[in-house]
Structures are given as structure tokens and as C-alpha cells.
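Each chain is listed here by its residues.
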Amino acid sequence: MNRIRLLMGALLSVLPLLASCTPFQDALQTRAAAYDVTCKESQSGESVTCKPSGNLGASMTIPVLRTPTLPTLGNETTTSFDTALKALHVSTMSVGMKNRFEAAATDAIHIGTLTMGVESSLSLKAPTLSIATLNESASSSPNTITLIADTLEIGALNLADNTRLSIAPFSAASVTVVIGTMRSGSKAHIALASGEYHIGTWTTSGGGLQTSITPTGKVILVHGSNLTVGAANLLNADASGDICSDTHNADDLTLLVHGDVTLKANNRASAILYATGDVTLESGVAFKGAISAQSAINLHQGVKVCYAGCAGSVPTQPQATLTSLGIELDRNELAEGNATTLHVRAFYDDNSIKILSGDFNLSIGDSSIVSFDGNTTLMALKEGETALLARYHGITSNALILSVYKAVNGHRLPPQPDEAQNNSTLLGIDSNNNGVRDDVERWIFSEYDHPVVQAAAMQNAKVFQIILVDPSKARQTKKVMENAHDCIVYYQLYADNLNEELLIPENIEIYEESLPIILNTKERSRAYYKYNQVLSGGIYPLRNIETLKSKCDFNATKVMRGEW
């Protein structure tokens, strides 16, 4: 019979249900209490065999594909093995400061002793993965560790402060993880995918300072000895707010402990907890879920417990099966330097939908075009198009095409056309159908800085497209040339006569400067020559300066505000 002791006035919600869960003792006894992982290389050197002690799991044999010696990876380097690798075996490896190491294998990865420097990234991916010892250097700068495997075995896992650790399955629906000893530093972020995690001894260093353990599915964590969680940590819980309204599901984290459990002061947890010994919640602990213990449950001052969850049995696999993955963007077209939000949704066979944020892999066809913050934001870097694919628990999403364009003074530029195709016809390529050839438009916005100069040059360029359509109609189309000329003259010579600013400097000759860009082939030059021939001998009167501004096909005030 469980005993509940209230020490110094604990605050409880639904006290009668505190120990009402179906007992987990039978389930706990079927799980190993010893978790040492030993790996031995065969005499031939062709394989490595790893075996966890106790009655959990069977030994696994890793075929070895010999790789170059990797004793030390220097500072600020990137090393990558892709999925063409069958198996990877490295006895001892040191990853330097600001290093990035990635390895993926189709069969297995085994590493003996692995030491990580500061501000480094480690990504290991294989169906089976074993590490004898993984040590991080202490630092306030975070490391990122991603371990993707259906079966993961680690002898000793020593995490420094601020580490971001993520564990996910390779292709199965859930993972099986065995860790002999685990130490987590302060302010660590540990994301655990669905599955069973067997830890011999877990130690939280220092006061904890809000290290967070976050399940991304149904997680059973079996601990083989007394468990003490340092102060101010987060176990599947929000950092603040009323614990009864916590957004996390207590059923997502089941803690089965061989021995006593102590949650130090100000811990926050949302879980189903069972221990073979005592359970002690120290002052300020906030707990949502259910607690059951073979011995006593001790509650100190300021504790708050809210009953939630506890379906009555220990989950062994996810309640629903992932069937498909969908991605979409707030905007599929972006100007350079702008951002858009990526939405990734996981669809399950029970018609439920999970919105993913940072717990999926995103493949970018050309990472020089767009960058990803690892969460939900994409930033446009340079113009071009690239494909995006998301992957989650072995499922690949639909492909999206993201287009990045260049914009100058609020004006969107068309893409640079193929030169041979553009020059194969008289009128060339005008992909945005604004009456200006694409290569000419891009030249205008790279050559001139002021929006009014750009607008006047665009009007001038439109005239040439009209002329080149049929040079023989020069007398009918000369009016558009006169309008473009009058507009330039107004803002270059006469605007101040009407108390407006001269916006086109006198040293800029839009007509002459653009002529070789527009008439860049023999055919275009001949067409323009024919146009001038038709107009030769004509008499063309001067226009009144008060009418010149009206000949502009743009509003100077608006284009200066970026309104094209």
C-alpha cells in the first residue's frame, strides 16, 4: 500500500487519484536493471559485436568497412560520409572546436571513444548505432548532437552545458535506446522520439537550470537505479504557468524507476511516474500526471500536483501510424533578404495531424539560394529556384519549389534570360510582359540608382520594343518616342521652372547609354536604322515645357516610394 506524506503543507489537486494508475511493477520487472554496453572487434577485424548486459536485447554484429583514420578533426572543419557507406567503425575520434561531422551508413555505425569540442555539430545516422563513450567539452557555447537509429546503444554519455541532443528512429516507428551512464549539463535541450529508453544512471549536473526533456511521441524511460533530478529542470513541461494547464501530454512520458525518485526544488514535470522505492517532490515542484510508488510519496511545501493522463497500461508503440507528410510555405516567391515560414504537417492513420517544428529533416536542393534556421523559417539568399523536401520518421513529403527574385527600389526584376535564346529573335524575351526586354530591364536597374532615372529609362526602353515590332510604321509610332524624350527632358532640364526637383542629373544620357544595350544585334540595329530612314526629312516641332511632365508614363512620387 502506498503511503502519502505531506511535508509542510503541500498543495495538491485531486489527492485521491495521485496513486491511482494501474501499477507498472510487472512491466518494470520485465525490463533490464543493468545497462552496460560492451563492444569487441573480431580477431579478423572484419566486424564489431556489441552486447548490452542484463536481459535487455540481443547482441548486434556490425560489419566493418574500413575508413580513413580519423583520430582528430581540426577546428572549424566539415567531414561527411554519405549513405553510400555500408558501415563505419572508428575506434577513437576527437571532434575539434566549431566542427561539423556527419556520417550516414546503410547498416551500422560504431564509434569507440568520441570527444567533442565546443560549438560543434555531430550527426550520425544508421539502422544500428553504438558509441562506447561520448564526451563533450564544458562550454557555454552549445553543441548539437543528432542520433538517428532504430537501435541505439551508448556506454557512457557525458553532455556539457547547453547541448541540444535529438534522438530519432532511422526507419522504424520507434527507437530502442540503451545508455549505461548519462550526465546532462545545465540548460540542455533533449528531444526524444517515440520508443523505450533504458538508462542505468542519469545524473543532472549542478542545479539543472531548466534542462528540458521533450518527447516527440510516446516515450518510456526506464531508469535502473535511484533517480534524482536537479533543481529547476523541465520534464515534458512548460517553463512557466499553471501546471494544471500545461500544454504537454502527461501520457507522452512514462518514467519507470528501479529505486527512489527525487525531483529537486522547482522542477516542472508532466509524466506518468512509478518507482519501486520512495517518490519525493521538493518545495516548489509542479507535477501534472500520475504518481505511484511501492513505498512512500513525500510532498514538500509549495508542491502542486494535478492528475492527468494515465491510460492504465504502459504504451509499447505509438497509438497511430504516420502515413504521409505535407509541406507548404506562406510564400513560394521571395525577394532576396526576405523570409517565409515553412509549415510541415504529419498525417496519421487515425486522421490526426501533428504540426512539426524543428523535429524533421529538410532537404534543400541549392542551399546557396535559401537558408533554414532548423525550426520553421527560410531566408532568401540569392535569386534562383530550389526544391524543398521534408523527411520525418522515414516518410518524405511532397516537393516544393521556392523562387527567389531580385528587387531594386521595390521593383521586381525578371530572371536573367538565356543569351542565345534572347538574341535569337528581334524582340527577345520579356517574361514579365511589361514591354521591356528582360536583359535590358536588368541592365537599367543595375546601371542607375535613382528610381525616377530607372522609370524614365524603362519608358525609353518600351519605345524601342514598339519600334522594333514594325519599323516601317515609324510615323505612326514616333509619338511614343517623343513622349519618352519629353519625360527625360522635363526631369533633367525644366522641372525646376515649375517648382519641382530636377531628378535626372545632366551627366546621365539615358537614350545614348541604353542604345548599345537595346540594339545589341545586327538585326535590331538594322530595324532601328529602317525606322530612322522612314522619319528622315520630317519636321518635328518643339513642345511646351508645361506639357512635358504629362508625357511620363509613371508617377515620380509613387516610384520614389517603391510603388511601381
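In case you missed it, the structure is sitting above this.
Computed from a predicted model, the values in this text were never measured in an experiment. (Residues numbered from 1 in each chain as written. Predicted model: local features only at pLDDT ≥ 70, side-chain atom pairs only at ≥ 80, totals over all residues. Heavy atoms only, no water.)

Regarding the packing of aromatic side chains
This is how it is decided: Centres within 6.5 Å are what make two rings of Phe, Tyr or Trp a pair, Trp counting through its six-membered ring; a difference in plane orientation under 30 degrees is then read as stacked, over 60 as edge-to-face, and the rest as tilted. Working definition: helices are DSSP H or I runs of at least four residues, strands are E runs of at least two. Numbering for both runs from the N terminus. Exposed residues in this analysis have more than 50% of their type's maximum accessible area, buried residues have under 20%, and partly exposed residues fall in between, with area computed by a 1.4 Å probe over protein chains only.
Summed over the entire model, instances satisfying the criterion amount to 8 aromatic pairs. Judged by centre distance (5.2 Å) and plane angle (45 degrees), the ring pair of Phe 464 and Tyr 528 falls under tilted. Taken together, the residues span a long stretch of sequence, with Phe 464 in helix H4 (residues 451–469) and Tyr 528 in helix H7 (residues 522–535) at a distance of 64 residues. Each of the two residues, Phe 464 as well as Tyr 528, counts as buried. Seen in terms of ring centroids, Tyr 528 and Tyr 531 are 5.8 Å apart; in terms of plane orientation they differ by 15 degrees. Their pairing is stacked. Taken as a pair, Tyr 528 and Tyr 531 lie in helix H7 at a separation of 3 residues, close to a single helical turn. Accessibility expressed as a relative area gives 9% for Tyr 528, which makes it buried.

Digging into the packing of helix H3 (residues 438–447) against H4
Threshold: Simply put, an axis is a line fit to the C-alpha atoms, just over the touching stretch for a helix, and the angle between two N-to-C directions goes from 0 to 180 degrees. Here is the rule for angles: anything less than 35 degrees is roughly parallel, anything more than 145 is roughly antiparallel, 65 through 115 is roughly perpendicular, and the remaining ranges are oblique. With the far helix as reference, a near helix turned anticlockwise by less than a right angle produces a left-handed crossing, and one turned clockwise produces a right-handed crossing. We call two residues contacting when some pair of their heavy atoms lies within 4.5 Å. Under the convention adopted here, Pro, Cys and the residues Ala, Val, Leu, Ile, Met, Phe, Trp and Tyr are nonpolar, Asp, Glu, Lys and Arg are charged, and Gly plus all remaining residues are polar.
Where H3 meets H4, the closest approach of the two axes is 9 Å, and the angle between their N-to-C directions is 155 degrees. Put simply, H3 runs roughly antiparallel to H4. For the pair H3 and H4, the sense of crossing is right-handed. Mapping the contact onto sequence places Val 440, Glu 441, Ile 444 and Phe 445 in H3 and Gln 454, Ala 457, Met 458 and Ala 461 in H4. Residues of the contact of H3 with H4, tallied by class, amount to 6 nonpolar, 1 polar and 1 charged.

Looking at the packing of H4 against helix H5 (residues 474–494)
With their axes 9 Å apart at the nearest point, H4 and H5 run at an angle of 165 degrees to one another. Relative to H5, the element H4 lies roughly antiparallel. The handedness of the crossing between H4 and H5 is left-handed. Together, Val 452, Ala 456, Gln 459, Asn 460, Val 463, Phe 464, Ile 466 and Ile 467 of H4 and Thr 477, Val 480, Met 481, Asn 483, Ala 484, Cys 487, Ile 488 and Tyr 491 of H5 make up the contact between the two elements. Of the residues contributing to the contact of H4 with H5, the split by class is 12 nonpolar, 4 polar and no charged.

Things to note about the pairing of strand S13 (residues 164–168)
Threshold: One bridge is not enough; two strands pair if DSSP finds at least two bridges between them.
With 5 bridges connecting them, strand S11 (residues 144–148) and S13 associate as parallel partners. From the neighbouring strand, Leu 147 faces S13, where its bridge partner is Ile 167.

Considerations on H4
So the rule is basically this: By this rule, a helix spans an expected 1.5 Å times one less than how many residues it contains.
With 19 residues, H4 extends 28 Å between its outermost C-alpha atoms, agreeing within 8% with the 27 Å of an ideal straight helix rising 1.5 Å per residue. Most of H4 is tucked away, with 16 of its 19 residues classed as buried.

Overview of unusual backbone geometry
With a phi close to 55 degrees, Asn 236 is a non-glycine residue in the positive phi region. Tracing the backbone through its elements, the reader meets Asn 236 in the loop between strand S20 (234–235) and strand S21 (253–257). With a phi close to 50 degrees, His 393 is a non-glycine residue in the positive phi region. For His 393, the location among the structural elements is in the loop between strand S35 (384–392) and strand S36 (395–396).

Re the pairing of strand S37 (residues 400–405)
Most of S37 is tucked away, with 5 of its 6 residues classed as buried. Relative to S37, strand S29 (residues 333–335) runs parallel, the two sharing 3 bridges. The residue bridging Glu 333 from the neighbouring strand is Ser 403, located in S37. Pairing of S35 with S37 involves 5 bridges; the strand directions are antiparallel. Counted as the bridge partner of Thr 386 is Leu 402 from S37.

Focus: the environment of Arg 543
Considering the arrangement of structural elements, one finds Arg 543 in the loop between H7 and helix H8 (545–548). Dropping the residues within four chain positions of it, Arg 543 is found in contact with Glu 482, His 485, Asp 486, Leu 548 and Lys 551.

Focus: the state of the cysteines
Note the threshold: Only a pair of cysteine sulfur atoms within 2.5 Å counts as a disulfide in this structure description.
Overall, the coordinates contain 2 disulfides when judged by the stated rule. One disulfide bridge connects Cys 244 with Cys 306, the sulfur atoms lying 1.6 Å from each other. Of this pair, Cys 244 sits in the loop between S20 and S21 while Cys 306 sits in strand S27 (residues 304–307), placing them 62 residues apart in sequence. Residue class for Cys 306 comes out buried when judged on its relative accessible area of 5%. Each disulfide pairs two cysteine sulfurs, and for Cys 487 the partner residue is Cys 552, the sulfurs being separated by 2.0 Å. Between Cys 487 and Cys 552, the S-S torsion sits near 100 degrees, and that sign places the bridge as right-handed. One end of the pair, Cys 487, is in helix H5; the other, Cys 552, is in the loop between H8 and helix H9 (556–560), with 65 residues separating them in the sequence. Its relative accessible area of 0% is what places Cys 487 among the buried residues. A relative accessible area of 12% places Cys 552 in the buried class.

Overview of the environment of Gly 394
Looking at the secondary structure, you find Gly 394 in the loop between S35 and S36. Along the chain, Gly 394 and Phe 170 lie 224 residues apart, while their C-alpha atoms are 6.7 Å from each other.

Remarks on the side chain of Ser 270
Quick note on the threshold: Here a polar contact is recorded for every N or O atom pair within 3.5 Å, except that within protein the pair must consist of a potential hydrogen donor and a potential acceptor, and residues adjacent in sequence are included only if both atoms are side-chain atoms.
Within the secondary structure, Ser 270 is located in strand S23 (residues 268–275). Here the side chain of Ser 270 touches Ala 250 through a polar contact of 3.3 Å, landing on its backbone nitrogen. Ignoring anything within four residues of it in the chain, the contact list for Ser 270 reads Leu 235, Asn 236, Ala 237, Asp 246, His 248, Asn 249, Ala 250, Leu 253 and Lys 288.

A short note on the environment of Ala 335
Its location among the elements puts Ala 335 in strand S29. For the pair formed by Ala 335 and Lys 406, sequence separation is 71 residues and the distance between their alpha carbons is 5.6 Å.

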